[in-house]
Structure formats: C-alpha cells, structure tokens
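Breakdown of the fold
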Amino acid sequence: MHWSEEIAERIIARNPDKEEYVCAAGISPSGSIHIGNFRDVATSLFVVKALEKKGKKARLLFSWDEFDRFRHVPANVKALPGNEDMDENIGRPYVDVRNPIPNDPAPNYAKYFENEFEAAIRRFGIKMDYRYQADMNRSGKYAKYLIQALEKRKEIFDILDSFRTQDAEEGERDRYYPVAIYCPCCHKDSTTITWISDDCTKAKYTCECGHSGDWDFTKDFNCKLAWKIDWPMRWLYEGVDFEPGGKDHASPTGSYQTSKVISKQIFGYEPPLFQGYEFIGIKGLTGKMSGSSGLNMTPDTLLKLYQPEMILWLYSKTDPTKAFDFCFDDGILRQYFEYDKMLTDCRTGAANDAIKAIMYNCEIEGRYVETVPMSLLVQLGSIVDFNVPMLETVFEKIGQPYKHEQFADRLERAKYWLEVCAPDQVNRLRTTRNWAVFESLNEAQRKEVELLHALIARGGYDLDALNTELYAIPKTVFGEDADPKVLKTEQAEFFQTVYRLLIDKERGPRLYLFLYAIDPAKYVGLLDFSYPQTDAEREADMPPEESSCPVEEPQETSEPDPVAPVKPEITIDQFNLLDVRVCKILKAETVRKSRACLKLTLFDGLKNRVIMSSIKDTYTPEQLVGKKILVVANLQPNRICNVTSEGMLLAATNGACGCKVIFVDDAIPEGTPLH
C-alpha cells in the first residue's frame, strides 16, 4: 500500500462520515518558493488523491501566509536596482510591501511571489483551494477566534511556557498577548498592548514609532494571531483533517507539538493528522548553477530540467520521512531511465501494485509522456546541435524512428541540462585535424586511423556493419591470432584515439552510433592525415596568449597565534564521554536577533538537530548546505537567541586564518563517530 493510502485510511478511521476531507498546505511568500516547500503541496496532494481513490470527497487547501511580518530581504531581491531601501519594510505584512521587481504588474511583494508559484503549480495540473490570509484577517472572518484567544491568553501562555526550556520572567504571563497589531501609522507590528477590556474586545496600544491609540477587535481587523495560535485556529475554521510539515515542526518543541495542544485546549478542535517530512537535497550543483547566476531552486527552475510528471514521481516514490535528491549531474539521466521503466511497465501490464500506486500520483490530465530515452537525446542532440530534422534522421538510422512531436517535451530539457549543468558533456566536432594527438601515436595506431578513414570515405555500410568493422580494425592491424587480452586493450585504446581526434575527449557516446549519426562529410577529413599540417591548423592549435590582466595580489594574513601548550592528560574513558560524530548540514539560515550566529539544521544519523554557531562573518548559508562537519552531539543544550542549540561544531580558530570549520569527506556516512 502506498504511504498516502495509509494516511488516507487513518483520516477516514478518525471521522468516517465526514462529507468532505480537507488536506492543507501553506507557505509564506517571503521570496521565491523553494523546491523543499513543494513537498508540503505534493504530500497533501497525494493524500487527496488517495482519499478520492477510496471514493471519498476531498480538497487540497493552500494558505498563503501573506499576512506574516516581513522578516528580512532575500539577497537576490536586495541586489536588484532600486531595492537598497527594502529593509525599511521589515515588520510590515508581506502584502503591504511593495513589489521589488521593476516593471512587474503584481501590486505587492506577496503577490509577485504568489503569482510565480501559482503559474508553476498550473503546469502540474494541480487544483488548489487558495486562501489569502491578508484577506481572511482583514475581512474579519477570524475576529471571534482572535477574541477567544485573548480571553484565554494566560492559558495559552502556560501551554507555550510548558514547551520552553527557560523559566518565564516575573510578570511575563500578565504582559502576554497572543495578538500582533499592525500600527496604522508605520504599518509595522512593533506595537505593545498596554490595556485590554474585561471582555477582550477593546485595547490600548503603543508603537515604537511613537504612535499610540485605541483598538476595537470587533471592528479593527488589521491584526493577527501569533503563529502557534493562528495555525490551530485555522484548523478549526477550515475543518482541516491532514497537514504535513518539515520534520522540525514535529520535534518535541516544534510548532505542531505546541499547536495541537492549543487546538484541543483553547479551540476545542481535534488537531489534524500530521506528517513530518525530510528535506530535499540538490546533487551535482555546478558553478554555473550557483546563486550568482540568479537561478533559484524553485519548481519553475526544476521544470526546465524535469517533466512535471517526473517531479511528482520523485515525491510519490519516496516516503515523506526519507530524503531524496534532485540531480543536476548525470544522475538525472538515471532518474529518467527509472521513471520510463516504471511508466512502461504500467502501460504494458508488467507493473506490480506498488509501482501502479506510485505512477497513479504522477498522471496529469491532458498530457501523455513519451518515453524517448533522455540519454539518447543528450548524446545525439549535441552531435547535431539539436537540429530537429537531423535528430529525426538519426533516430531513423539507429532503428528508433522517434518524431519531433514525441521528443519535443524533453528536447529543450536535454539541451538546458547539457548547456547549464553539464557543459563538459557536450560533444562537438573539431574544426581542424588534431595533429598533436596524431603525432603521439605509434605506427600501429596510425594504421588504425588510416583504415578507419578509408572505411568512412568508402561508405556503403549499415549500422551493424559499421559496428563490426570498428572492432575488426584492431584485429586487422594486430592480427587475428593476437592475445585476446592484448587485443581487447588495443580496441579500447583505438576507440579512445578516435574520440580524441574528433571531439577532444577520451570517451563519448557509443562510437558506432556517433559515427553513423553524423554526416560523414563533417568528420571524414578529421581522420585524413595523408597531407601535411596547414598554416590554419597550426594557428588553431597554438596555445592562447597569456592574459595581460594584472595578477591579483594575495590577501594579507596575520601572524599565526602562539602555539598553546598541551593541556593536562585525560584518560581514554574521559575522551570516550564525548560523542563527536559526522553530521550533514541540511539547512543554514541567519537569525534576526544575532549578529554572529547562523542557525544550522543537521542530520546526525538518527534525527535532525539544530545548533547555533558564531560563524556568520566567515561563511554564507550557501557555502554550508550539503557539507558534512564534526559535531559534539552530547553537549548540554543551550538557549541562544531564543533557539535551543543541541551541540557544537568543531572549528579551528587562528589569527593567521580566522575561523575555519572542519569539513569531512562526503563519503563518510552521517552518524559516524570520531575515534
């Protein structure tokens, strides 16, 4: 049974007679929506489909948390011209921040990123019931629940306090209000409630901007509940039965654990089933795909590489508690192969129930996926410069007569992957003969090249005959009675020589396909060394002149710190008390209240943990995500900037180099102890 069907059965068992089940997801439009957040949508989508498969009515509810406060300006947004003053908006709701993109018609910051994401969602054929939380709050739909939370504010404080590791300050409980008022003057949430009526409908407040005033919660709706109260309130309002979230939400002190208690005790609503999910990885990110290129890891970016069905397939075939990678290296070709095999098995009746369940979630109405091998499009596409008529001719020649309408959906993705992610794999013919390689060959190897040139010039072969002749050439030169092991080595070296002469590489696509696919007139001359090197060839092979640009001076470094004496001896038993283990950095983010620390989410081999580390001045989050480090895992937790830090990473600090984190080889599994 597919994991989504197991969840669906649990939902039905909790409330078997409900007319319509609600599966929820939600994201704050703080910037371009990352592929990791898309797991929110995919997980709920598959549960909706599983409920419908069981004959139940279900809908996918999606909340835009656009009424949340604007916390920080993303680096790629701040870098755009005219956005130097965007920091002034911090504290306002996203929906009240101006659109940061020049000449874009969206009316505000939130709407720009909502439009971007919703356009991508439409390409997946996903139908969602959208909720825009600024409209929901400002229309007064939540007013009675907000007043209810104010009436029970001390109970809410006690619940929140029970999840904290630090004791509350004196008077903190009396000063607590679960509501943030957006100031009508500065439009920020920098307000403090100073008085509230007995029925909790009216209040007085002051703002850091100097404004103060009265508030009527029955009429003034430009305010919102704090997140851990707002979330369960919306469960009640919408009748939510299921909602997934990142594993950090499901941690012992995470949002879900707190909110489910508030849901029961404050709002009297049985909290929905919750499914924590693992983070998504990126494998094979190349320099050209880095942040400097402005390429964000959004669904829209992925759709340049993956067909939408394949993205759904990756989420569908992986249990939410398991991580998986989107591949920007040649792993993507293996993923296409595996997807095609599953799809073909379903269409031919060879698939088992597990595969059928996976593929059921990947169907998009109105689309039909043609399983033209992505590896062939990559290999042959670069040879013919992605010329469509030529590709059709090549496919015809190799006995796989695919037409453009069959491979069109994958062709641009193959081209994009080659040019952006794997430019080193593009196969382009040389324009001149490679004399440097030819002159390095011995007489026997030169004879092989001569025989190949004669074969290609003569023509008259079909694909099978060409393959046979290629293997026969080394036998002709070295003799049929040559040692089979020696002959096998010579055949491999012959193929390598041909690749070097034609495309300046030591390997490439299958040679017989390669030579058969291309018009022989384009490369036969590259194999003909019967006449001397020309002046044009000498000039083409000359090394490029050295750049006249000034050499960058090395950065100045300080003198190394004095070497400290060795500390007092300890026993091996004392050393073994330390649990130093390899952890993988899943997420790195800045913390608003800290100038020095980065908040790192790690996987330690058993679970996710969060640590705070004062390395913000040395490393950016992008430099850390995906790296493996050493962490003292059994260090007593410490509260830093309202974040519980569960360990300490190992780093070396010296005046000569500053602070340098100790990274470990990626081949070492997470959880491996340091001995």
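So, here's what we can say about the structure. Quick caveat: nothing in here was measured; it's all calculated off a predicted structure.

1. Re the overall build of the protein
- The helix and strand tally for the protein stands at 25 helices and 21 strands.
- Here the C-alpha coordinates of the protein stretch approximately 100 × 75 × 55 Å along the principal axes.
- Counting the 675 residues in the protein, one finds 47% classified as buried.
- Carbon and sulfur atoms make up 50% of the accessible area of the protein, which totals about 34,700 Å².
- For the protein, the distance from the average site of its 84 positive side-chain charges to the average site of its 104 negative ones is 5 Å.

2. Side note on unusual backbone geometry
- Residue His187 is not a glycine yet carries a positive backbone phi of 65°.
- With phi around 60°, Asp504 is a residue other than glycine that occupies positive phi space.
- Looking at the secondary structure, you find Asp504 in the loop between helix H21 (484-503) and helix H22 (511-517).

3. A word on the sheet that holds strand S13 (residues 580-590)
- Spatially, five strands are ordered S15-S14-S13-S16-S19 in an open sheet, and the strand pairing comes out antiparallel. Whereas interior strands pair on both sides, the edge strands pair on one side only; in this sheet they are strand S15 (608-613) and strand S19 (648-649).
- Note: S13 against strand S16 (residues 628-632), five bridges, orientation antiparallel. Each residue of the ladder has a partner; that of Arg581, found in S16, is Val631.

4. Section: the sheet that holds strand S7 (residues 212-216)
- An order of S5-S6-S7 is seen for the three strands of this open sheet, with the pairing classed as antiparallel. On the outer flanks of this sheet lie strand S5 (191-196) and S7, each paired with one strand and no other. Here the average twist between neighbouring strands, direction ignored, is 30°.
- Of the strand pairs in this sheet, strand S6 (residues 202-207) and S7 are connected by five bridges, and their pairing is antiparallel.

5. Focus: the nonpolar core
- In this structure, Phe38, Tyr306, Tyr315, Phe326, Phe395 and Leu452 are the most contacted members of the largest nonpolar core, which totals 117 residues.
- Considering every element that reaches this core, the biggest residue donor is helix H2 (residues 35-53), with 10 residues.
- Ignoring any residue separated from it by four or fewer positions in sequence, one finds Tyr306 in contact with Ile311, Leu314, Phe326, Cys327, Ile332, Gln335, Tyr336 and Arg413.
- Core analysis: the next-biggest nonpolar cluster, separate from the first, contains 29 residues, Leu146, Ile156, Tyr205 and Ile266 among them.

Quick notes on the rules
Residues numbered from 1 in each chain as written. Predicted model: local features only at pLDDT ≥ 70, side-chain atom pairs only at ≥ 80, totals over all residues. Heavy atoms only, no water. Helix = DSSP H or I, 4+ residues; strand = E, 2+ residues; numbered from the N terminus. Buried < 20%, exposed > 50% of the residue type's maximum accessible area, 1.4 Å probe, protein only. Areas by Shrake-Rupley, 256 points an atom, 1.4 Å probe, with all protein chains shown as cover. Lys, Arg positive; Asp, Glu negative; His and termini not counted. Charge placed at Lys NZ, Arg CZ, Asp CG, Glu CD. Pairing = 2+ DSSP bridges. Axes fitted to C-alpha atoms, helices over the stretch in contact; angles between N-to-C directions. Core = buried A, V, L, I, M, F, W, Y, C linked by side-chain atoms within 4.5 Å. Contact = heavy atoms within 4.5 Å.

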